[in-house]
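Below, each chain spelled out in residue letters.
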Amino acid sequence: MVLFDRIPMPVAVCDPYGDVRLVNAAFALEWGTTAGRLKGRAILDLFAPVDAAQVDRIAQAQKARRRSRYTVAVAWRGGDGARRRGELIVDTVSETANRVPDLLVTVRVLDTAVGPDAKPSASAPAHPQEARILALLAAGATTARTARETGLTTDGVTYHLRQLSRRWGASNRTELVARAYAEGVLVAGVWPPRLASSGPVDGASEGRAGQGAGG
């Protein structure tokens, strides 16, 4: 479960009917909610298929007990309100040959819509994990150190920063840190960087600038 939750791509496990059994942290983050609130939701209520025939092929594969990989083009509105286009990579899996396969669904984001729905907004806050990452980066921590301090992989850190950049319209990490202070996520005028909702971040004082450009 720990490894599943640290996968940087959004991943869900669904029953044969497409109802969500389990999602990882990246999947919950995509919807701006917790994993528990997504349990029991129909995957096709969350992601609208572009071509129904792609979904039909998966249903036929399940009936035939075939185990294979399928791609479904989808569109959805993420937890930040922006419209997205992407793909569901669906693997049909089961423990026995006679069992109707469950669905392992990986989400790949291809692009985010440009327009009024996608404009950055001060009302789009940083999630707790994102805020902790921002505090460590503000202290000069590299990506590798940030991953160690947060219990994520380096890909996981990058994924969180990419999602936050979309929400805030930031083009680089320096801009993200500046925005974190402007939004009140980090407390201004203190060192080491501190989250507005808590005390100093563990390890932040050790991750000062000058540790190299490994991030």
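For the structure itself, consult the block above.
Our subject in this report is the structure included herewith. (Residues numbered from 1 in each chain as written. Predicted model: local features only at pLDDT ≥ 70, side-chain atom pairs only at ≥ 80, totals over all residues. Heavy atoms only, no water.)

**Regarding the overall build of the chain**
Argument step 1. The helix and strand inventory of the chain stands at 9 helices and 6 strands.
Argument step 2. The proportion of buried residues among the 215 residues of the chain is 40%.
Argument step 3. In the form shown here, the chain has an accessible surface area of approximately 11,000 Å², with 53% of it arising from carbon and sulfur atoms. (Helix = DSSP H or I, 4+ residues; strand = E, 2+ residues; numbered from the N terminus. Buried < 20%, exposed > 50% of the residue type's maximum accessible area, 1.4 Å probe, protein only. Areas by Shrake-Rupley, 256 points an atom, 1.4 Å probe, with all protein chains shown as cover.)

**Looking at the packing of helix α8 (residues 154-168) against helix α9 (residues 173-182)**
Argument step 1. Orientation of α8 relative to α9, taken along the N-to-C sense of each, is 65 degrees, at an axis distance of 11 Å. Put simply, α8 runs roughly perpendicular to α9. Classified by chirality, the crossing of α9 by α8 is left-handed. The residues of α9 that touch α8, namely those facing T158, L161, L164, S165 and W168, are R173, L176, R179 and A180. (Axes fitted to C-alpha atoms, helices over the stretch in contact; angles between N-to-C directions. Parallel < 35°, antiparallel > 145°, perpendicular 65-115°, else oblique. Left-handed = near helix turned anticlockwise from the far one by under 90°. Contact = heavy atoms within 4.5 Å.)

**Regarding the packing of aromatic side chains**
Argument step 1. On inspection of all chains with the given rule, the structure shows 3 aromatic pairs.
Argument step 2. Between W31 and F47, the aromatic rings sit 5.7 Å apart at their centres with planes inclined by 80 degrees, giving edge-to-face as the arrangement. Pair noted here: W31 is in the loop between α2 (25-30) and α3 (35-38) and F47 is in the loop between α4 (43-46) and β3 (48-49), with a separation of 16 residues, a long-range link.
Argument step 3. On the accessibility criterion, F47 (1% relative accessible area) is buried.
Argument step 4. Note on F47 and W76: the rings are 4.9 Å apart at their centroids and 70 degrees apart in plane angle, and the pair reads as edge-to-face. Placement of the pair is F47 in the loop between α4 and β3 and W76 in strand β4 (residues 69-77), with a sequence separation of 29 residues.
Argument step 5. Taken together through their ring pairs, the aromatic side chains of F27, W31, F47 and W76 make up a single cluster. (Phe/Tyr/Trp six-rings, centres within 6.5 Å; stacked < 30°, edge-to-face > 60°.)

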